[in-house]
Each structure stands twice: as C-alpha cells, then as structure tokens.
Amino acid sequence: MPVFSGGRRIPVHPVRPSFRDPRFALLLVGQSAGWVCSWAASLVLWGFAAYHFGAAPAGISLTALCWSGPPVVLTAFTGGLTDRFGPRTMLIIGYTCSAATSLGMSVSGSLTSLDIMALACGAARSLCSPASSALPTRIVESDDLLAANSLLGVTASIGQVAGPLAASVLMATAGFRIAFTADAIMYLVGALVLIPLPVLPLPEEPRNAGAMATRRPAYGLSWFRTATAGTVAVAREPGLRAIALARMGVIFTSGAFLVIEPLYTRHVLHQPSSQFARFEAATGIGAVVTGLLLPVIRRRVPETRSPMWLLTAGAVSCGLAAALFTGTPWVLVAYLGAFAWGVCGTVFYAVAATTLQRLAPAGKLGRVSGVISTAESTTESLSMPVAGALVAVVGLQPGALLLAAVAVAAGAVCLLR
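Criteria and cut-off values
- Residues numbered from 1 in each chain as written.
- Predicted model: local features only at pLDDT ≥ 70, side-chain atom pairs only at ≥ 80, totals over all residues.
- Heavy atoms only, no water.
- UniProt positions renumbered as here; feature names shortened; annotations may be inferred.
- Helix = DSSP H or I, 4+ residues; strand = E, 2+ residues; numbered from the N terminus.
- Core = buried A, V, L, I, M, F, W, Y, C linked by side-chain atoms within 4.5 Å.
- Buried < 20%, exposed > 50% of the residue type's maximum accessible area, 1.4 Å probe, protein only.
- Contact = heavy atoms within 4.5 Å.
- Disulfide = S-S within 2.5 Å.
- Axes fitted to C-alpha atoms, helices over the stretch in contact; angles between N-to-C directions.
- Parallel < 35°, antiparallel > 145°, perpendicular 65-115°, else oblique.
- Left-handed = near helix turned anticlockwise from the far one by under 90°.
- Nonpolar A, V, L, I, M, F, W, Y, C, P; charged D, E, K, R; others polar.

### Re the UniProt feature "transmembrane region" (unreviewed entry) in the protein chain
Line of reasoning, step 1. Following the UniProt record, the feature "transmembrane region" (unreviewed entry) maps to residues 24–49, 55–77, 184–202, 244–264, 276–296, 308–325, 332–352 and 386–416 here.
Line of reasoning, step 2. Secondary structure content for residues 244–264 is 100% helix and 0% strand, while the C-alpha to C-alpha distance between its ends is 29 Å.
Line of reasoning, step 3. Annotated as 100% helix and 0% strand, the span residues 332–352 places its first and last C-alpha atoms 30 Å apart.

### Examining the nonpolar core
Line of reasoning, step 1. If you look at the biggest cluster of nonpolar residues, it comprises 27 residues, and the most contacted ones within it are Leu311, Phe348, Leu356 and Val368.
Line of reasoning, step 2. For this core, the elements supplying multiple residues, two or more each, are helix H8 (223–236), helix H9 (238–267), helix H11 (307–326), helix H12 (331–359), helix H13 (365–394) and helix H14 (396–416).
Line of reasoning, step 3. Those residues in contact with Leu356 that lie beyond four places of it in its chain are Leu240, Ile243, Arg247, Leu365, Val368, Ser369 and Ile372.

### Brief notes about the state of the cysteines
Line of reasoning, step 1. Counted by the stated rule, this structure contains zero disulfides.
Line of reasoning, step 2. Cysteine Cys97 is unpaired, with the sulfur of Cys128 as its nearest cysteine sulfur at 8.6 Å.
Line of reasoning, step 3. With relative accessibility at 33%, the residue Cys97 sits in the partly exposed group.
Line of reasoning, step 4. We note that Cys318 lacks a disulfide partner, and the nearest cysteine sulfur, in Cys344, lies 5.5 Å from it.

### Looking at the packing of helix H1 (residues 22–52) against helix H4 (residues 111–139)
Packed helices, taken two at a time, are described by the angle between their axes plus the distance between the axes.
Line of reasoning, step 1. Packing of H1 against H4 leaves a shortest axis separation of 12 Å and a crossing angle of 160°. In this view, H1 runs roughly antiparallel relative to H4, as classed from their interaxial angle. Considering the relative orientation of H1 and H4, their crossing is left-handed. Contacts from Leu27, Gln31, Ser38, Leu45, Phe48 and Ala49 of H1 reach H4 at Leu111, Leu114, Ala118, Arg125, Ser132, Leu135 and Ile139.
Line of reasoning, step 2. Counted by class, the contact of H1 with H4 contains nine nonpolar, three polar and one charged residues.

Here it is, written out as structure tokens:
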C-alpha cells in the first residue's frame, strides 16, 4: 500500500494477522506481556501493601482505588492523545511509563509512596486502553480487522490466566520487589515490539458524513472538549450507541458474576474454592481456542450477516452462557457453561471491536474508544454492589439469572436500534 509523504511514494506493507508475519507474531508476544503485567502487577500490589506494609482493609481499598481509579477518570481524555499522536506512539509511551512506575513501586518505602506510584501506574495504563482499541486500524487492512481483533483478544485471555500465576510464583520465589522489577521488564518488551510496526494512513470515512467528519481534529481544544468530542460522536451515530449499549450490558453481567461465581460454586455446587479456579480456566480455554479459530472460520465462511445482527447474537449468547453456567446443580454442565462463556465472549468482543473501528468517524476512534471504555469501567464497578444486593433480596440462582438477562436484553435492544 503506497503512502504519499512530501510528494514521494513510500511503500507501506500492512501487517497480516497471522503467525506467519513476524511483525504480528511479535505484537502478540508484546500484547500478551502487557496483559500479564497488568494482572500480575495488581496482585503483587495488593500483596505488597498487605504483607510488607501491614495495611488494614481500608488501606488496601485505598491502594486498589489508586490503581483502578485513574483509567476510569482519564480514558475519555487520553483517547484524544491517541487521535493526535497515533496508537502505536501512545502504546509505547504508556508501556514505558508503566515500566517506570513498576520500578517506582519496587523501591517504595511506605504505603503512601506505594499509593502514589499506583496512582501514576493507573494514569499510565489509561494511555493504553484507547490506543489498543485503535491500533489494529493503523497496522492491518480493513478486511483483516476481525482476524486481528480475534487474535489480539487471545492475549487478554492469556494475561488473565498467566498473570495471577506469574505473580504467585514471583512473590513466592523472588519477593515483592523483584516481582515489580520483572513487571517493568515485561512492559518494556511490550513497548519494544511495537517499534517495527508500520503505520498506515487514517482510514477513510465509512459513510457520507460530510466534510466536517473527515477534517482532522482541532487539538487546541481543552481536555474537556476533547472528551466530549468522543461522546458527541457516539451520541450521533446509532451504530456506535448500539455498540456501547451491548458492551455495557455484557460487562455488567461479567462484573456481577465476579460476585456470583464463587458463591455459586460454594453454596449450589458445594465445591471447594479450587473448583472456582477451574471454572475460570475453562472460560479461558474457550476464549483462547475461539480466538485462534475465528480468523480461520472468517476466511472460509463469507460474512452474510450484518454487524448489528452479530452484535446481538454475541451479547445474547453471552447472557445465555452465563445462565447455563449458574443455572444448573451439575458440575459438568457448569463446565460447559463456563467454556461456552469464553467462546461467546471472544466472538462478541472481536465483532464489537471490529464494528467500532469501522463505524467511528475518521480521526476520532481514540476518543470514541475512550468514552466507551469509561462507560464500561463505570458499569462494571456498579455491577458488583448491585449483584450483592440482588442476591440478598431474591436469592443466589434467581439473582444470577436476572443478572444474565441484562446481557440478553442489551443484545435485543441493540438489534432494535
């Protein structure tokens, strides 16, 4: 694909979402390292606060807020930086800053200094979320977006499984400070593999939205107006509103089930806590297998359904899989539901990410992704206390079915819109 720069014709070869393309294979390694670091660092952080500094529950809660709060607040704003400087650049900066903050946490001499570095690490991670969403559009061709999103989704599942394991091994064998240092090294690996990636020009506007939609953003705007630009884009485009609604519905169900799953394992299945971990492993296996197979299926099966239909099917299937998981007294059926949840979730998020990348106005993908990510994080935070209250009122399994119905309802409304 030629790119014109200063009157010269510069060949740029898009990345192919395949293990045969070493650039994409390295990207998968780097993104996996980033996800492993994110999961591992959070667990090492809680352990460091509790065991090294002797933090009470209130102190650990404050440390957790310092870690998780900045992305919720800042992601809508950092999306503007992604649109201005490009997703590759922002990911490199975000990973490098995360490495620096991990090293800072490793030398923290008090709980207060640890909280300050956790706050800084949260701010650094807020740079990465919109950039990760926008990166595929700048490195692969449009027809390869679904395959790229599917394979990149596998890295998140790897992080969810390997991150806690890596944290436990490092804390047990090397100590907390070495664990933070190892996180920093892995973050730098994630940054280095991004450097050789090509950068394609901004994609053309996917619909006739007028000249204003394709004009480059006015970057002199305040951060507040930068954030509202993404909100306005979502509000004006029915397809983007449908994506936001479907993702919020699925994340609400997923977040609520963080409360439901261990209670269900103990009180309905009468199994030990290790069984809950095995359910999580089954979900992860389903996600990884589907992420690897989806690109192959996509190449062999023509796309005959509209994106909105696929979004609806994905959201509804996520809710049904959650209902199957917690609606049975049999362990084997629960395994099937957990595995199906991993399968359906991978398909849903790959389709949602691809549709978002194709519908977002040119030059505003970072801000749109930031707004939707902020909405998702807020929804997930609210889902947990709602789940606890609902279970207390109606009971465990009826509450679980009602919470699973949220994803089903969001998918149905998505199709109507």
